[in-house]
Amino acid sequence: MKSSLFCLLALILTVESVRGACTYTSSDKKYSYDLSALTATSGYGYLRNGGDGYNYWFNVCANLPKSNCTQQAPVCQASQTKAGQNVPTGYLPATFADGDTGTGSGVVITYVNNVEQCSGNTPRKTNLHFKCVTGLAGLTITSITENKCLYDLYLSSGAACPTSGGAKGKIDADLKKMSGGSIFLIIFFVGAAVYLIVGSIVNWRVKHASGIEVIPNFELWRSIPGLMKDGFTFTKDKIMGLTGRGYQSV
């Protein structure tokens, strides 16, 4: 039992560490991103045919769960015709940068391989260009380019949109500034409006009421002024000690 709990705790910590490693705040501090939903935890990750005789396997913020490369890495270039000819095109840790069209547009994640270098001691480097597309589920691979061991993959996803910042961030900030009383008043008036509108429609369409009688519970609301007057009079008399006047002690 203890070993099972230990394994479960280790798994939770592993997942949380992956999530923590896949967050980014834009350079102007206005936008926050969390791409952990795109991290593949099984299989070979994401695949793109480079059109150059190689397949490119990659993962987001984590090593490939299974890899065609000999070494563990988040990105792997594997020959389509020659078995065993493969090389990581970058290693963890990843670095983050603002999207191609500025803050709020997405994120660029970069992996660098300084070990298996290209000719001229040129490091291999892979850039994952994430473009924010609101509402787009999963991950769409748009294109890939390679130029002298610089690999650029262009990707689109709703998960690449800011989790805060911009219009959404402003709304969140405004909500945080609101007091409990303000929130209560908003709920109260919205609820009252719904009550009056729906109740009036029901009375008009179902009960065939007309005029002022379409107001929900009209008799109750009409009696409230009188009830308030009685309550005020009782309270005043109680305070002035007049409530018991007219009675004689036995």
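Residue indices follow the written sequence of each chain, beginning from 1 at its first position. Given that the model is predicted, a residue must reach a pLDDT of at least 70 before its local features are reported, and side-chain atom pairs must reach 80 or more before they are shown or counted; all residues, however, enter totals for whole chains, interfaces and linings. Computation of side-chain values covers all heavy atoms of the structure but excludes hydrogens and water.

**Concerning a nonpolar patch on the surface**
Two joining distances apply to patches: 9 Å for like charges and 5 Å for nonpolar side chains (Val, Leu, Ile, Met, Phe, Trp, Tyr), and every residue must have over 30% relative accessible area and no salt bridge. Note that accessible areas follow from Shrake-Rupley with a 1.4 Å probe, and for residues the cover is restricted to the protein chains shown. Salt-bridge detection follows one rule: a side-chain nitrogen of Lys or Arg within 4 Å of a carboxyl oxygen of Asp or Glu. On the surface, Ile186, Val190, Val194, Ile197, Val198, Ile201, Val202 and Val206 cluster together into a nonpolar patch covering about 690 Å² of accessible area. With a 1.4 Å probe rolled over the protein chains alone, any residue whose accessible area is under 20% of its type maximum counts as buried; one over 50% counts as exposed, and the rest are partly exposed. Judged by relative accessible area, Ile201 falls into the partly exposed class, the value being 44%.

**Structural notes on the environment of Ser119**
Mapped onto the secondary structure, Ser119 falls in the loop between strand S7 (106-118) and strand S8 (122-132). As for Ser119 and Lys148, which are separated by 29 residues in sequence, their C-alpha atoms are 9.0 Å apart. In DSSP terms, a helix is any run of H or I states spanning at least four residues, a strand is any run of E spanning at least two, and both are numbered starting from the N terminus.

**Here we look at the pattern of salt bridges**
Applying the stated rule across the entire model yields one salt bridge. A salt bridge links Glu219 to Arg222, with the nearest nitrogen and oxygen atoms 2.7 Å apart. Remark: Arg222 and Glu219 occur in helix H4 (residues 218-240); sequence separation between them is three residues, near one turn of the helix. With a relative accessible area of 51%, Arg222 lands in the exposed category.

**Focus on the confidence of the model for the protein**
Chain-level statistics for the protein give a pLDDT mean of 83 and a share of 83% at 70 or above. This stretch, residues 1-20, has a pLDDT under 50; its non-local contacts, to residues over four places away or in other chains, come to three contacts. The predictor attaches a confidence to each residue, called pLDDT, with possible values from 0 through 100. Whether two residues touch is decided by their heavy atoms; if any such pair falls within 4.5 Å, the residues are in contact.

**Quick look at unusual backbone geometry**
Here the residue pair Leu92 and Pro93 is connected by a cis peptide bond, since its omega of 5° sits within 30 degrees of zero. Summarising the element assignment, Pro93 is placed in strand S6 (residues 86-98). If you check the backbone angles, Lys148 has positive phi at about 55° while not being a glycine. Turning to its location among the elements, Lys148 is positioned in the loop between strand S9 (140-147) and strand S10 (150-157). The class of Lys148 is exposed, set by a relative accessible area of 71%. Unusually for a residue other than glycine, Cys149 sits at a positive phi of about 70°. For Cys149, the location among the structural elements is in the loop between S9 and S10. In this structure Cys149 comes out as buried when scored by relative accessible area, which is 9%.

**Things to note about the packing of aromatic side chains**
Centres within 6.5 Å are what make two rings of Phe, Tyr or Trp a pair, Trp counting through its six-membered ring; a difference in plane orientation under 30 degrees is then read as stacked, over 60 as edge-to-face, and the rest as tilted. Scanning all chains against the criterion turns up eight aromatic pairs. Ring centres of Tyr56 and Tyr151 lie 5.7 Å apart, and the angle between their planes is 50°; this geometry places the pair in the tilted category. Of this pair, Tyr56 sits in strand S4 (residues 54-58) while Tyr151 sits in strand S10, and the two are 95 residues apart along the sequence. For a lysine, the NZ atom is tested; for an arginine, the CZ atom; a charge sits over a ring if that atom is within 6 Å of the ring centre and within 35 degrees of the ring normal. Sitting over the face of the ring of Trp204, Arg205 holds its NZ or CZ atom 5.3 Å from the ring centroid.

**As for the nonpolar core**
The term nonpolar core refers to a set of buried residues drawn from Ala, Val, Leu, Ile, Met, Phe, Trp, Tyr and Cys, joined through side-chain atoms within 4.5 Å. Counting 24 residues, the largest nonpolar core has Leu35, Phe58, Val60, Ile109, Leu128, Phe130 and Leu155 as the members making the most contacts within it. Within the residue set of this core, elements represented by two or more residues are S4, S7, S8 and S10. No other element matches the four residues that S7 contributes to this core. Leave out the neighbours within four places in its chain, and Leu155 touches Phe58, Leu128, His129, Phe130, Lys131, Leu139, Thr140 and Ile141. Judged by nonpolar contacts, the second largest core, of five residues, contains Trp57, Cys69, Cys76 and Ala78.

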